[in-house]
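Chains, contacts and geometry: an overview
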Amino acid sequence: MRIIFMGTPEFAVPTLDALVAAGHDVVAAYSQPPRPGGRRGRELVPSAVHMRAQWHGIEVRTPVSFREDGAVAALAALEADVAVVAAYGLILPQAVLDAPRLGCLNVHGSLLPRWRGAAPIQRAIMAGDAETGVGIMQMERGLDTGPVRLEGRTRCAGKTTGELTAELAAMGAALMVQVLADPDAHPPVAQPDEGVTYAAKIAKEEARIDFAQPAIEIDRLVDALNPAPGAFFECGGERIKVLRADIEGGRGVPGEVLDDRLLIACGEDAIRPVQVKRAGRGEMGVDELLRGFPIAAGTRL
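Residues numbered from 1 in each chain as written. Predicted model: local features only at pLDDT ≥ 70, side-chain atom pairs only at ≥ 80, totals over all residues. Heavy atoms only, no water.

1. Some remarks on the packing of helix α1 (residues 13–21) against helix α6 (residues 161–181)
Our working definition: Helix axes are fitted to C-alpha atoms over the stretch in contact, other axes to C-alpha atoms as well, and angles between N-to-C directions run from 0 to 180 degrees. Every helix listed is a DSSP run of H or I at least four residues long, and every strand listed is a run of E at least two residues long, numbered separately from the N terminus. Crossing handedness is read from the near helix: turned anticlockwise from the far helix by less than a right angle, it gives a left-handed crossing, and turned clockwise, a right-handed one. Contacts are assigned to residue pairs with any non-hydrogen atoms lying within 4.5 Å of each other. The nonpolar class holds Ala, Val, Leu, Ile, Met, Phe, Trp, Tyr, Cys and Pro. Asp, Glu, Lys and Arg form the charged class, and all remaining residues, Gly among them, are polar.
Direction vectors running N to C along α1 and α6 enclose 35 degrees, while the axes themselves pass 8 Å from each other. By crossing handedness, the relation of α1 to α6 is classed as right-handed. Residues Pro14, Thr15, Ala18 and Leu19 of α1 lie in contact with α6, whose contacting residues are Ala169, Ala170, Gly172, Ala173, Met176, Val177 and Leu180. The class makeup of the residues in the contact of α1 with α6 is nine nonpolar, two polar and no charged.

This is the structure we're talking about:
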């Protein structure tokens, strides 16, 4: 098939690779424009999809929006059979959705209609969902409201967003290739009206750990915000990110350090950080943290 690919972050790269490996003709890749980054935060850095598409020798287009003069016409002129979309980051107008012969197919990281929106993987972990998955959705104007052609499932327990994202990205890539191999064998099925939830973008203030919450909710927050932005607490004027934690028994005032190995009282039970990160430092175990940054029992965080 002649395919337009539309994606931006690392999550989308396995789907692009799978389309090329399956022998499809990817005629162009659309991605978000390069953003400031690099060591000094000043140089413009292309997205993961942008770089991967160039590696494959695919033309890359980076419109700021499809309201730009000629942007829709330029896409339609590609005369694609289908557009494959994976975490692109731009709202597609109806003219774009209609341009390819088979419309636009989206790789969405949830079991729709649960967790429509920007952060489905993080929200599934934060909510304590037993399972999540990825669906191949026929796109329409609504926010992730389109019918689903095929989906896969996996368990959430014990997985961080980074781990689950990688798993769902690989699963979605395989499912997309399967659908494109025989679209008629995977007709679109309307989403049910019940069970709709929305996965709002993660706000900065959500990353601060509230020790008044039960330990199980804090543990989910830690997993959901790993690798970014990272759940954190502050001590001695320094921000400590918690990347992994264990739930243990323990009682005290929420935020009170209960022993010399950083067991922290929560609203219910206690939590012990296992992997942490100080500002400007790499990831480290809690024992290494405490050797250089002791936090005594009785400290209130």
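2. Description of the pattern of salt bridges
Put simply, the test is: A pair is scored as a salt bridge if a Lys or Arg side-chain nitrogen falls within 4 Å of a carboxyl oxygen belonging to Asp or Glu. Here's how the labels work: a residue is buried when its accessible area is under 20% of the maximum for its type, exposed when over 50%, partly exposed in between, all with a 1.4 Å probe on protein chains only.
With the rule as written, the count across this model stands at 16 salt bridges. The partner of Glu234 in a salt bridge is Arg239, with the nearest N and O atoms 3.9 Å apart. The exposure class of Glu234 is partly exposed, given its relative accessible area of 38%. For Glu238, the salt bridge is made with Arg278, and the minimal N-O distance between the two is 2.7 Å. Of this pair, Glu238 sits in strand β13 (residues 238–248) while Arg278 sits in strand β15 (residues 270–278), and the two are 40 residues apart along the sequence. Judged on exposure class, the residue Glu238 and its partner Arg278 are both buried. Overlapping salt bridges, with partners in common, bring together Glu131, Glu151 and Arg153 in one network.

3. Let's talk about the nonpolar core
Stated formally: By nonpolar core is meant a set of buried Ala, Val, Leu, Ile, Met, Phe, Trp, Tyr and Cys residues that side-chain atoms within 4.5 Å join together.
Ranked by size, the top nonpolar core spans 33 residues in total, and within it Phe5, Leu19, Val84, Met176 and Leu180 carry the most contacts. By residue number, the principal contributor to this core is α6, which donates eight residues. Ignoring any residue separated from it by four or fewer positions in sequence, one finds Val84 in contact with Ile3, Ile4, Phe5, Met6, Thr15, Leu19, Leu105, Met176 and Leu180. By size, the runner-up hydrophobic cluster in this structure holds 29 residues, among which are Ala207, Leu221, Ile271 and Leu289.

4. Observations concerning α1
Three- or four-residue spacings in an α-helix give side chains the same orientation, since the helix completes a turn every 3.6 residues. Every buried residue belonging to α1 is among Val13, Thr15, Leu16, Ala18 and Leu19, and all of these are buried. Residues of α1 that are buried sit in contact with β1 (2–7), β2 (25–30), α2 (48–55), β6 (82–86), β7 (104–108) and α6. Looking one or two residues past α1, Gly23 carries a phi angle of roughly 90 degrees, positive in sign.

5. Some thoughts on the domain arrangement of the protein
To keep it simple, the criterion reads: Throughout the structure description, domain borders are defined by an automatic or database domain assignment. Throughout, the accessible surface (probe 1.4 Å) given up by two parts as they are put together, summed over both, is called the buried area. Here a polar contact is recorded for every N or O atom pair within 3.5 Å, except that within protein the pair must consist of a potential hydrogen donor and a potential acceptor, and residues adjacent in sequence are included only if both atoms are side-chain atoms.
By the assigned domains, the protein splits into domain 1 (2–199) and domain 2 (204–300). Taken together, the contact pairs 12 residues of domain 1 with eight residues of domain 2. A combined buried area of about 830 Å² lies between domain 1 and domain 2, and 52% of that area is made up of carbon and sulfur atoms. It is Ile125, Met126 and Thr160 that lose the most area in domain 1 upon contact with domain 2, and together they represent 48% of the buried surface on that side. Here domain 1 and domain 2 share two salt bridges between them. A salt bridge links Arg123 to Glu206; the nearest nitrogen and oxygen atoms lie 2.8 Å apart. Across the contact surface, domain 1 and domain 2 share seven residue pairs in polar contact (both at pLDDT 80 or more). Contributing elements (two or more residues each) for the side of domain 1 that touches domain 2: α5 (120–126) and α6.

6. With respect to the UniProt feature "domain: Formyl transferase C-terminal" (unreviewed entry) in the protein
Where we set the bar: UniProt positions are given in the numbering used here, feature names are shortened, and annotations may be inferred rather than shown by experiment.
Look at the UniProt record and you will see "domain: Formyl transferase C-terminal" (unreviewed entry) annotated at residues 201–293. Spanning residues 201–293, this segment combines 18% helix with 32% strand, and its end C-alpha atoms are found 33 Å apart.

7. As for unusual backbone geometry
Backbone phi values are negative for most residues with the exception of glycine, while trans is the configuration of most peptide bonds. Along the chain, Asn226 connects to Pro227 via a cis peptide bond; the corresponding omega equals 20 degrees. Inspection of the secondary structure assignment puts Pro227 in the loop between α7 (215–224) and β12 (231–235). In this model, Ala228 is joined to Pro229 through a cis peptide bond whose omega is 0 degrees. By secondary structure assignment, the location of Pro229 is in the loop between α7 and β12. Within the chain, Trp115 stands out as a residue other than glycine whose phi angle is a positive 65 degrees. The backbone of Asp269 sits at a positive phi, close to 65 degrees, despite the residue not being glycine. As for its placement among the helices and strands, Asp269 is situated in the loop between β14 (264–265) and β15.

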